[in-house]
Amino acid sequence: MASDISTKAEISPKAKIGDNCKIFPFVYIEDDVVIGDNCIIFPFVSILNGTRMGGHNKIHQGSVIGALPQDFDFRGEKTECIIGNNNIIRENVVINRATHTGGQTLIGNDNFLMEGTHISHDVKVGNQCVFGYGTKIAGDCEIGNGVIFSSSVIENAGTRVGEGAMIQAGTTFSKDVPPYIIAGGNPVKYGGVNMTMGRSYGIEEKVLKHIANAYRLVFHGQTSVFDAVMQIKNQVPDSEEIRNITSFIESTSKGIISKL
């Protein structure tokens, strides 16, 4: 089915628009843009060069997709902003494309970005994440699947959030947040295992208990984080989730958040 494109929208003839899209008046789309099927683009949205968008996305008023990176190292290079399928991007969201040639900002599938969210250059977002009102993600961050950011969270540059984690409202953090936990406060600290998210994703109760035991060793033990990981491997029954925890902690470059 042909797309319904308002004559009041300004769309480059070089842009590639899929089938059955609805594009409202006053939308601005540049040359080097690809939009998949069944997308809805509301008024006053700008979709800029380098954007590659899948299908069934809804982009609400005032959002800017593929914006130039707010990075002093940017030299006008050709980069991309990749957005998957079934994402809801609410009003006034900004997503920057990457900084350097060949780089990509990546947003997966089934994410919900609430009003005022900003995803900076070269960020990698998984699937089924929620970004609360006014959340700001600095450049080069990595965010796993099923992560929930409450409102007004600030994630500083180069940090990671593991899958199934939840960041409480108003939190600012500069170190990695491991998988399956709740983190909050200023300064940020460990707030327990995210049991609700774990159950909603079908993690067995016994595995949730194992996750809690693993984090007792990390955050409440009297050893270094390195030794705590060794204790997890030796003492906690193996599962995919436990392996996710140990590999995440072992691969940190910023360090993980505090137990304080």
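Use the structure listed above.
Residues numbered from 1 in each chain as written. Predicted model: local features only at pLDDT ≥ 70, side-chain atom pairs only at ≥ 80, totals over all residues. Heavy atoms only, no water.

Caption draft 1: Focus on the packing of helix α2 (residues 205-219) against helix α4 (residues 240-250). Packing of α2 against α4 brings their axes to within 9 Å, and their N-to-C directions diverge by 25°. As summarised for this structure, α2 and α4 are arranged roughly parallel, according to the angle between their axes. Viewed along their axes, α2 and α4 form a crossing whose handedness is right-handed. Contacts from Val207, His210, Ile211, Ala214, Tyr215 and Val218 in α2 reach Glu241, Ile242, Ile245 and Ile249 in α4. When grouped by side-chain class, the residues that make up the contact of α2 with α4 number 8 nonpolar, 1 polar and 1 charged. (Axes fitted to C-alpha atoms, helices over the stretch in contact; angles between N-to-C directions. Helix = DSSP H or I, 4+ residues; strand = E, 2+ residues; numbered from the N terminus. Parallel < 35°, antiparallel > 145°, perpendicular 65-115°, else oblique. Left-handed = near helix turned anticlockwise from the far one by under 90°. Contact = heavy atoms within 4.5 Å. Nonpolar A, V, L, I, M, F, W, Y, C, P; charged D, E, K, R; others polar.)

Caption draft 2: Molecular detail of the pairing of strand β11 (residues 64-67). As paired strands, strand β8 (residues 46-47) and β11 are joined by 2 bridges and run parallel to one another. Opposite Ile47, over in β11, you have Ile65 as the bridge partner. Where β11 meets strand β14 (residues 94-96), 3 bridges bridge the pair, whose relative direction is parallel. The residue of β14 that forms the bridge with Ala67 is Asn96. (Pairing = 2+ DSSP bridges.)

Caption draft 3: Geometry of the environment of Thr246. For Thr246, the location among the structural elements is in helix α4. With residues up to four places along the chain from it excluded, the contact list for Thr246 reads Val229, Ile232 and Lys233. In this structure the side chain of Thr246 is engaged in a polar contact, spanning 3.1 Å, whose partner is the backbone oxygen of Arg243. (Polar contact = N/O pair within 3.5 Å; in protein donor to acceptor, adjacent residues only side chain to side chain.)

Caption draft 4: Just the packing of aromatic side chains, in detail. Taken as a whole and assessed by the stated rule, the structure comprises 6 aromatic pairs. Geometrically, the ring pair formed by Phe26 and Phe44 is stacked, given 5.2 Å between the ring centres and 15° between the ring planes. With Phe26 in the loop between β4 (22-23) and β5 (28-29) and Phe44 in the loop between β7 (40-41) and β8, this residue pair connects regions lying 18 residues apart in the sequence. With relative accessibility at 52%, the residue Phe44 sits in the exposed group. Here the aromatic rings of Tyr190 and Phe219 are separated by 4.2 Å at their centres, their planes lie at 10°, and the arrangement is stacked. Residue Tyr190 is located in strand β28 (residues 189-193), and its partner Phe219 is located in helix α2; the two are separated by 29 residues in the primary sequence. Its relative accessible area of 15% is what places Tyr190 among the buried residues. Through a chain of ring-to-ring contacts, the aromatic side chains of Tyr190, Tyr215 and Phe219 assemble into a single cluster. The ring of Phe24 carries Lys22 above its face, with NZ or CZ at 4.9 Å from the centroid. For Arg160, the ring lying beneath its charged end belongs to Phe248, and the centroid distance is 3.9 Å. (Phe/Tyr/Trp six-rings, centres within 6.5 Å; stacked < 30°, edge-to-face > 60°. Buried < 20%, exposed > 50% of the residue type's maximum accessible area, 1.4 Å probe, protein only. Lys NZ or Arg CZ within 6 Å of the ring centre and 35° of its normal.)

Caption draft 5: Here's a closer look at helix α3 (residues 225-235). All of the buried residues along α3 are Ala228, Val229 and Ile232. The arc that holds every buried residue of α3, seen down its axis, measures 100°, which confines them to one face. Exposed and facing more than 90 degrees away from the buried side of α3 are Phe226, Asn234 and Gln235. Its buried side turned inward, α3 meets α2 and α4. (Arc of directions from axis to C-beta.)

By themselves, these figures tell us nothing about what the structure is for.
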